[in-house]
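# Geometric and topological summary
What follows is the residue order along each chain.
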Amino acid sequence: MPANPAAAMPATRSSIVPPIRTAALRSMPRGALLALSLMAAALVAPFPLASPAAAQDAAPDAAQDAAGTMGQLTTILPETESDGPWTVEKTPAGFTMTNRTDANAVRYFYVNAGETKGARTVSVDVSVEPRGTGPALAGLLYGFDEATKTYFMLVIESGERVGLYRRDPSGMKRLAQAGLGALGGGPYRLAIAEEGESVEMTVNGKSLGTAKSSTLGKGATGIIAAGIGTFAFSAYSLSSATK
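Predicted, not measured: the structure shown is a model, and the values here were computed from it.

## Brief notes about the confidence of the model for the chain
Mean pLDDT over the chain: 74, with 69% of residues reaching 70 or higher. At the level of individual helices and strands, the chain shows its lowest average pLDDT in strand β2 (residues 35–36), which scores 30, and its highest in strand β6 (residues 95–99), which scores 98. Overall, residues 1–67 carries pLDDT values under 50, and its contacts beyond four positions in sequence, including any with other chains, amount to 150 contacts.

This is the structure we're talking about:
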């Protein structure tokens, strides 16, 4: 058995992926792929959605003991690297990604650590420093399918809003968006908690809403950034809940 349990995890990182188009980022298509209950409103209080599930104790898998500020991602994140418009590096606080030139570039890192699908909680602290007037997004990568390159992302947008996006073969779509309102200037704690094929999304512990779909409760998780800016991540966590 390896000294570091995380070293045995099947983990993968991405290079640059097909671009997000600015127009897609600014649209909110109807007929979204999820039965979402999210609303575009300031996050002053949790949205009046379904009653929250009973609290469960989070029991980290052995891999959760991975040393470092980025949990299971720690062993796959490069110390420093330049790839196309992206420069990424580990920092004492966590990990940063910087893109100064390409508004359509996307970068993500993900791990498929073997936690019980449909019973996971994934979270990360993120700060977004936009550069210019284009989109600048960063947060959680969720439900990533390596074969199809489809995924969701729950992200902070330009430090002003939180948004939920879905990428599938037809492109990137924004499913919902809300202003950050009274939550201040960050960093923000984003979290997605599964219960079967349902997920609850939160920012700084405040509920954004719930979603239910057969596309949820599975896939790899990680971090993602898109657009021009500097994006800082820390305290990535992936755990499975005990019943």
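## As for the nonpolar core
In this structure, Met-97, Ile-223, Phe-231, Phe-233 and Tyr-236 are the most contacted members of the largest nonpolar core, which totals 42 residues. Excluding its chain neighbours within four sequence positions, the residues that come into contact with Phe-231 are Trp-86, Phe-95, Thr-96, Met-97, Ser-127, Val-128, Ala-136, Leu-137, Ala-138, Ala-225 and Ala-226. Tyr-110, Leu-141, Phe-144 and Met-153 belong to the second largest nonpolar core, which has 14 residues in total.

## Section: the pairing of strand β9 (residues 136–145)
Most of β9 sits inside the fold, with 9 of its 10 residues counted as buried. Examined bridge by bridge, β9 and strand β16 (residues 220–227) share 7 bridges and lie antiparallel to one another. The residue bridging Ala-138 from the neighbouring strand is Ala-225, located in β16. With 7 bridges joining them, β9 and strand β10 (residues 150–157) adopt antiparallel strand pairing.

## Here we look at the packing of aromatic side chains
Per the stated rule, a full pass over the model turns up 8 aromatic pairs. Arranged with centres 6.1 Å apart and planes meeting at 45°, the rings of Trp-86 and Phe-231 form a pair that is tilted. Residue Trp-86 is found in strand β5 (residues 86–90), and its partner Phe-231 is found in strand β17 (residues 229–241); the two are separated by 145 residues along the sequence. Side by side, Trp-86 and Phe-231 carry an identical accessibility label, which is buried. Summarising the aromatic geometry, the rings of Phe-144 and Tyr-151 are spaced 6.1 Å apart at their centres and angled 35° between planes, so their arrangement reads as tilted. Grouping residues by exposure puts Phe-144 and Tyr-151 together as buried. Put simply, the rings of Tyr-108, Tyr-110, Phe-144 and Tyr-151 touch in pairs and so form one group of aromatic residues. In this structure, Arg-166 is placed above the aromatic ring of Phe-152, and the distance from its NZ or CZ to the ring centre is 4.5 Å.

Conventions used here
- Residues numbered from 1 in each chain as written.
- Predicted model: local features only at pLDDT ≥ 70, side-chain atom pairs only at ≥ 80, totals over all residues.
- Heavy atoms only, no water.
- pLDDT = per-residue confidence, 0-100.
- Helix = DSSP H or I, 4+ residues; strand = E, 2+ residues; numbered from the N terminus.
- Contact = heavy atoms within 4.5 Å.
- Core = buried A, V, L, I, M, F, W, Y, C linked by side-chain atoms within 4.5 Å.
- Buried < 20%, exposed > 50% of the residue type's maximum accessible area, 1.4 Å probe, protein only.
- Pairing = 2+ DSSP bridges.
- Phe/Tyr/Trp six-rings, centres within 6.5 Å; stacked < 30°, edge-to-face > 60°.
- Lys NZ or Arg CZ within 6 Å of the ring centre and 35° of its normal.

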